[in-house]
Amino acid sequence: MKKVLYSLFVFSMIHVSSQTKKFFLKGEVQLQHPVEKINLRFENNLPFVQVNISGKFYNFLFDSGAPTVISTAIYNELKLKKKYKRSVGDSNNNKQQQVFTELPEMTVDQVVFKNIGAIVLDLNSAELGCLKVDGIIGANQMAKLFWRINYGENSLETTRELSYFNLKDYPIILPFDPKPQKTPVVTTPVFGKNIEVTFDTGFSGRFEIMEKNFDPSKVTHKIETFGTRSTGAFGAAKPVAGTIFRIDSLALGNKIFHNEMISTGTSDLMGNEFLRDFSFILDWKNNKIYLKSVRNTPPKLESFGFTYRFVDQKPVVAFIFQHDNFPLKIGDSIISINNVRLDHLDGETACHYFINRVERDQQTIAVKVKRDGKVMEFTLDRKAYLN
């Protein structure tokens, strides 16, 4: 698998205070069969399911890094009642006061959830609106059942009895501690200290650790970066210096992984670029995650050396590798890539190019940008890094 440097969605990693713990224990669930199979759609490195609320279908993210969320539109349509307002933070340490409510009923295929606690968020802001997400099935909701997920097969199964899943086939075991909202946190030693890594199916990347947990003296293969490439629930992170690096060994539960690739950022995360190589089971009764390898695709990093965000429907260079004499700069306004004009797009077309990048399958691109009123054009080659 090639890891090509595009924007990362950290849609989840929504975190709340311990005061809300009782709120997220609420709710019940009904199953029609011992094991229910749920239609899963894995795209843009994120898992989605179809949800039925009051006879209307919605697109929800299946996200272990967040509590259950519904859009402001659903909240208003159903005329739900506000339980209270609390401060909510996202993966980029942005915080806002949000409404907490209770969703009377939600059906996921034949699984019926009742009286689930949920946070109300505006899900149409900035790039997140391009994913057309109506809500999140979060960890507090997942924790009421056992789940087995295989992204490669678009497979999602759930049951009340763990015995229906053959654990003998899952040799890798990750013990976790649940946050108040039930999000799993796995402790792993990195650079000689224990780091609490969120097991986050709402994170499209591989591994991320906070910059303060990075020790540059202990790595030899690294690339310095600057900017932002992650989008959280409340918008993009602020531009910062960072590093993408390889680590000789990474211990996760009872398994040591070698030659892993990790980025520095604002959170400690394990995401879908890693998890899609496994079938995995989520078990909140015993606080364990079980993994079985289904393919082996060592991480590779290939890039043109930059990525961009759409700001007011216009692409702007937002993240670069800090090469000597790298021609692009943070804030450059992109006019075109390979003669595809990107500077006069409507909302729908901007979303198309945000998700379906012009440069995705190219080895060489011509990028035309505007900087300080001047138009410049550069030719860039895709390169492999950290080999």
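Look up: the structure comes first, before these words.
Our subject in this report is the structure included herewith. Here the residue numbering is sequential within each chain, running from 1 through the sequence in written order. Totals for whole chains, interfaces and linings use all residues, but because this is a predicted model, local features are given only for residues with pLDDT of at least 70 and pairs of side-chain atoms are given and counted only at 80 or more. With hydrogens and water stripped out, all remaining heavy atoms of the structure feed into the side-chain values.

1. Structural notes on the overall build of the protein chain
Secondary structure counts use DSSP, requiring at least four H or I residues in a row for a helix and at least two E residues in a row for a strand, with both numbered from the N terminus. Along the protein chain, the regular secondary structure elements total four helices and 34 strands. Taken against the 2.2 N^0.38 rule, which gives 21 Å for 387 residues, the C-alpha radius of gyration of the protein chain at 21 Å falls within 12% of a compact globule. In terms of principal-axis extent, the alpha carbons of the protein chain reach across some 60 × 45 × 35 Å. Burial status across the protein chain gives 56% buried among its 387 residues. In what follows, a contact means two residues having at least one pair of non-hydrogen atoms within 4.5 Å. Expressed as a percentage of contacts within the protein chain between residues at least 6 apart in sequence, the contacts between residues at least 24 apart total 67%. Accessible surface, the protein chain: about 16900 Å² in total, of which carbon and sulfur atoms supply 46%. Positive charges are assigned to Lys and Arg, negative charges to Asp and Glu, while His and the chain termini are left out of the count. Lysine's charge is taken at NZ, arginine's at CZ, aspartate's at CG and glutamate's at CD. Averaged over its 50 positive side-chain charges, the protein chain has a centre that lies 4 Å from the centre of its 41 negative ones. To get the radius of gyration, use the C-alpha atoms; to get the globule rule, take the number of residues to the power 0.38 and multiply by 2.2 Å. Buried means the residue's accessible area, taken with a 1.4 Å probe over protein chains only, is under 20% of the maximum for its type, while exposed means over 50%, and partly exposed covers the values in between. Accessibility throughout is a Shrake-Rupley quantity obtained with a 1.4 Å probe, and a residue counts as covered only by protein chains that appear here.

2. Some remarks on the pairing of strand 12 (residues 146-150)
Extensive coverage of strand 12 is indicated by the burial of five of its five residues. Residue alternation in strand 12 divides its side chains into two sets, Phe 146, Arg 148 and Asn 150 and Trp 147 and Ile 149, and both sets are buried. Between the end of strand 12 and the start of strand 13 (residues 155-159), which pair antiparallel, lie four residues, with Asn 154 showing a positive phi angle near 50°. A pair of strands is labelled paired if DSSP reports no fewer than 2 bridges between them.

3. A few points about the nonpolar core
Put simply, a nonpolar core is a bunch of buried Ala, Val, Leu, Ile, Met, Phe, Trp, Tyr and Cys residues held in one set by side-chain atoms that sit within 4.5 Å of each other. Judged by nonpolar contacts, the single largest core of 60 residues is most densely connected at Phe 60 and Trp 147. The biggest single contributor to this core is strand 10 (residues 111-121), with five residues.

4. A few points about the packing of aromatic side chains
Only Phe, Tyr and Trp rings are paired, with Trp represented by its six-membered ring, and only when their centres lie within 6.5 Å; those with planes under 30 degrees apart are stacked, over 60 edge-to-face, the remainder tilted. As enumerated under the stated definition, the model contains 22 aromatic pairs in all. Where Phe 274 meets Phe 278, the ring centres are 5.0 Å apart and the plane angle is 45°; that geometry is what we call tilted. Residue class for Phe 274 comes out buried when judged on its relative accessible area of 2%. Linked through ring pairs, Phe 23, Phe 24, Tyr 84 and Phe 100 together constitute an aromatic cluster. Whether a charge lies above a ring is judged from NZ of Lys or CZ of Arg, which has to be within 6 Å of the ring centre and within 35 degrees of the ring normal. Lying over the aromatic face of Phe 257, Lys 255 brings its terminal NZ or CZ to 5.8 Å of the ring centre. A cation over a ring is seen here: Arg 357 above Tyr 308, with NZ or CZ 4.2 Å from the ring centre.

5. Remarks on the side chain of Asp 332
Tracing the chain through its elements places Asp 332 in the loop between strand 29 (314-321) and strand 30 (333-337). Owing to a relative accessible area of 1%, Asp 332 belongs among the buried residues under this scheme. Counting of polar contacts relies on pairs of N or O atoms within 3.5 Å, with two restrictions inside protein: one atom must be capable of donating a hydrogen and the other of accepting it, and residues adjacent in sequence are counted only when both atoms are side-chain atoms. At a separation of 2.9 Å, a polar atom in the side chain of Asp 332 contacts the main-chain amide nitrogen of Lys 329. A polar side-chain atom of Asp 332 sits 2.8 Å from a polar atom in the side chain of Arg 371. Those residues in contact with Asp 332, other than ones at most four positions away along the chain, are Pro 315, Val 316, Val 317, Pro 327, Val 369, Lys 370 and Arg 371.

6. With respect to helix 4 (residues 347-355)
Inspection of helix 4 places Ala 350, Cys 351, Phe 354 and Ile 355 among the buried residues, and these make up the whole buried set. Within helix 4, the buried residues cover an arc of 125° as seen down the axis, which keeps them to one side. As used here, the arc is the angular range of directions from the helix axis to the C-beta atoms.

7. Topic: the pairing of strand 16 (residues 184-190)
Counted residue by residue, strand 16 has five buried out of seven residues, so it is predominantly covered. Between strand 15 (residues 177-178) and the antiparallel strand that follows it, strand 16, lie five residues; Lys 182 among them carries a positive phi value of about 85°. Here strand 16 pairs with strand 17 (residues 193-199) via six bridges, running antiparallel. Paired with Val 185 across the strands is Thr 198, a residue of strand 17.

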